Amino acid sequence: VLPTWLVGNFSAAEVHVFERHSALVPLARTFFGLPKPRETPGPGLHVHVGDALELLRAPPPSASGSFDVVLVDLNAPPTDARLAAPSSDLLGADACSLLRRRAKHVVAINVLFGETLSEAARSEVRDGLCATLGHVFPLVRWVEPRLHRPQ
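Computed from a prediction, not measured in an experiment: that's the story for all the values here.

**Student:** Explain the pattern of salt bridges to me, please; I cannot follow it from the model alone.
**Tutor:** Two side chains of opposite charge can pair, provided their charged atoms sit close to one another. This model, assessed by the stated rule, comprises three salt bridges. The salt bridge partner of Asp 94 is Arg 57, with a shortest N-O separation of 2.4 Å. Of this pair, Asp 94 sits in helix α4 (residues 93–102) while Arg 57 sits in helix α3 (residues 52–57); the two residues are 37 residues apart in sequence, bridging distant segments of the chain. On the basis of relative accessible area, Arg 57 is assigned to the partly exposed category, the value being 39%. Measuring nitrogen to oxygen at the nearest pair gives 3.9 Å for the salt bridge that ties Arg 122 to Glu 119. Of this pair, Arg 122 and Glu 119 both sit in helix α5 (residues 119–134), three residues apart, which is roughly one turn of that helix. Exposure remark for Arg 122: the relative accessible area of 10% places this residue in the buried category. Glu 119 sits in the partly exposed class, given a relative accessible area of 49%.

Spelled out as structure tokens, the structure:
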């Protein structure tokens, strides 16, 4: 949904999507109106299939070698009890360094905690993530909605 919105509202933007599962690309086109990816460099949608960390380590897909904004919105594997998104390996020091090298301005990470994680454990994970990010990025802010959680 977000790549479709970005391409539709910012026609001069190069939007690069990194997707692990190639079968999801046609599904996103069918159900979420994802535009057909470009085959050549330039403005529009570019879809790269593969592991996100490997794609970040590979030669840059954009002409400038970096991106103005990087959005990380990935699901964690079911074996990760702490996080529902993204997987823990994408929040380690190596991944953060790769993200910093590729992002000119902003990296936004959609973090979803595992449903059974206690508030204390959530705080511990949040503080750890902010500390890891703080070693790589000059400014780190944690923003989350105030949701009412039933007791």
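Structure shown, so let's carry the discussion forward.
**Student:** Teacher, can you tell me more about the confidence of the model for the chain here?
**Tutor:** Within the chain, residue pLDDT values average 80, and 84% of them lie at 70 or more. Averaged over each element, pLDDT in the chain is lowest for strand β4 (residues 83–85) (61) and highest for helix α2 (residues 24–32) (88).

Quick notes on the rules
Residues numbered from 1 in each chain as written. Predicted model: local features only at pLDDT ≥ 70, side-chain atom pairs only at ≥ 80, totals over all residues. Heavy atoms only, no water. Salt bridge = Lys/Arg side-chain N within 4 Å of Asp/Glu carboxyl O. Helix = DSSP H or I, 4+ residues; strand = E, 2+ residues; numbered from the N terminus. Buried < 20%, exposed > 50% of the residue type's maximum accessible area, 1.4 Å probe, protein only. pLDDT = per-residue confidence, 0-100.

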